[in-house]
Amino acid sequence: MSFEEIIGQDDAKRLLKNAVKTGNHSHAYIFSGENGTGKKMLADAFALMLQCENPGEDACLECHSCKQTLSRNNPDIIYVTREEGKSNLGVDVVREQIVNDVDIKPFNGKYKIYIVDEAEKMNQQAQNALLKTIEEPPEYAVIILLTANHNAFLQTILSRCVLIQMKPVATESIKQILEKKYEVVDYQANMVATFAQGNIGKAIALANDASFGDVKNRVVSLCKRAGKMEEEQIANEVKEIKEEKEAEKKEKDVDKFEGFIDQMLELITLWFKDVLLYKATLNDNLLLFKEDTFDIHEQANNCSYKGLNDIINAISQTRARLNANVNFELTIMLLINAIKENTRC
């Protein structure tokens, strides 16, 4: 993965490429951003260019070092990960893979690069063990900490590393990647790119996740029907949502970006933002749910601005209640009733 292949992150790419070209790079970096924002790709591209025998504006991709790096066979690029089954990145791993290894000079390359994934999971003992190496590294050592939360690091580590924070990628850029590289149809690419909120990894995962389409269809059906639902129908809907939530929880993949309920609430928000947007502009071209324009038009005509804002506020209250562990069924029932009250004819 070269810098040229990375979408977005222009400031970070410019800084890192300039560091390689001038030789004025740090010995310790923190790449910070939520899962899917491209931290690993950026670290790989930086390591590739650092080790390249003939770097220009990017790695040459042709030299022996580049070929080794691209095939993940470069002995001077070490990927540090926590032990399988362990929740923390422990001190033993940090000592074995970094602290005790760093004094061994590179085998072939100019540098010895350590890429530490999920570095926020280092416990305090592990961070303290790493600190001395960051404070007094050999000239050839470069340590890159990848994290979803750089505030989890000791202040002494933060102060000695160059912090690079990943930025959201433009929705239109994500949409184009989904359409061209992954052959996602236009309206679906637009929906997923918007939902991903600048996270290209999340967008790619969702575009290839059939269950996301199922959740979307479920939400669309609910939003269309809510205004005409009877109490018994609402109770049945809440029961089904709870059952799906429990099923998703049991089968949860640790690499999933969003749970069923998170996806559902976000999609309900996007639906009623579409209704609000159409009510204000009467412009179908701005809609995400383009295949449901008739229903969007109908709700826009029947709902007041206040009612639509009340629904969006109710969704925020639902998130807050769920985070506070308020009774799940009651919380979802209150949300559906708020949608019903503000959408019925």
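In this convention, every chain numbers its residues from 1, walking through the sequence in written order. At least 70 in pLDDT is required for a residue's local features to be given in this predicted model, at least 80 for side-chain atom pairs to be given and counted, and no such filter applies to totals for whole chains, interfaces and linings, which use all residues. No hydrogens and no water enter the side-chain calculation; it runs on all heavy atoms of the structure.

**Topic: a nonpolar patch on the surface**
- Where nonpolar side chains cluster on the molecular surface, the patch consists of Val326, Leu330 and Leu334 and spans about 230 Å² of accessible area.
- Secondary structure elements follow DSSP: runs of H or I of four or more residues count as helices, runs of E of two or more count as strands, with numbering from the N terminus. Residue position: leucine 330 is located in helix H15 (residues 328-343). In this scheme, patches are assembled from residues that exceed 30% relative accessible area and form no salt bridge. Like charges are connected within 9 Å, while nonpolar side chains (Val, Leu, Ile, Met, Phe, Trp, Tyr) are connected within 5 Å. Residue burial considers only the protein chains on display, and all accessible areas are found by Shrake-Rupley using a 1.4 Å probe. We define a salt bridge as a contact between a side-chain nitrogen of Lys or Arg and a carboxyl oxygen of Asp or Glu at a distance within 4 Å.

**Let's talk about the environment of asparagine 217**
- Mapping asparagine 217 onto the fold places it in helix H10 (residues 210-225).
- Think of it in three bands: residues with accessible area under 20% of the maximum for their type are buried, residues over 50% are exposed, and the middle band is partly exposed, with areas taken using a 1.4 Å probe on protein chains only. With a relative accessible area of 48%, asparagine 217 lands in the partly exposed category.
- It is 9.8 Å that separates the C-alpha atoms of asparagine 217 and leucine 267, two residues lying 50 residues apart in sequence.

**A look at H10**
- To estimate the expected span of a helix, count its residues, drop one, and scale the result by 1.5 Å. Helix length check: H10, at 16 residues, gives a terminal C-alpha distance of 23 Å against a target of 22 Å (1.5 Å per residue), a fit within 8%.
- For H10, the full list of buried residues reads Phe212, Val215, Lys216, Arg218, Val219, Val220, Leu222 and Cys223.

**As for the packing of helix H12 (residues 260-281) against helix H14 (residues 305-323)**
- With their axes 10 Å apart at the nearest point, H12 and H14 run at an angle of 165° to one another. Taken together, the axis directions place H12 and H14 in an arrangement best described as roughly antiparallel. As for how H12 packs across H14, the hand of that crossing is left-handed. For the pair H12 and H14, contact is made by Ile261, Asp262, Leu265, Glu266, Ile268, Thr269, Phe272, Lys273, Val275, Leu276, Lys279 and Ala280 and by Tyr305, Leu308, Asn309, Ile311, Ile312, Ile315, Thr318, Arg319 and Leu322, respectively.
- Here the residues of the contact of H12 with H14 are counted per class, giving 13 nonpolar, three polar and five charged. Note on method: axes are straight lines fitted to C-alpha atoms, helices fitted across the in-contact stretch only, with angles between N-to-C directions ranging 0 to 180 degrees. By definition in this entry, angles of less than 35 degrees are roughly parallel, angles greater than 145 are roughly antiparallel, angles of 65 to 115 are roughly perpendicular, and the rest are oblique. Left-handed describes a crossing in which the near helix is turned anticlockwise from the far one by less than a right angle; the clockwise case is right-handed. Contacts were defined at the residue level, with two residues in contact if any of their heavy atoms lie within 4.5 Å. By the convention adopted, Pro, Cys, Tyr, Trp, Phe, Met, Ile, Leu, Val and Ala count as nonpolar, Lys, Arg, Asp and Glu as charged, and the other residues, Gly among them, as polar.

**Side note on the environment of alanine 170**
- Within the secondary structure, alanine 170 sits in the loop between strand E5 (162-165) and helix H7 (171-180).
- Judged by its relative accessible area of 43%, alanine 170 falls in the partly exposed class.
- As a C-alpha pair, alanine 170 and serine 159 span eleven residues in sequence and 30 Å in three-dimensional space.

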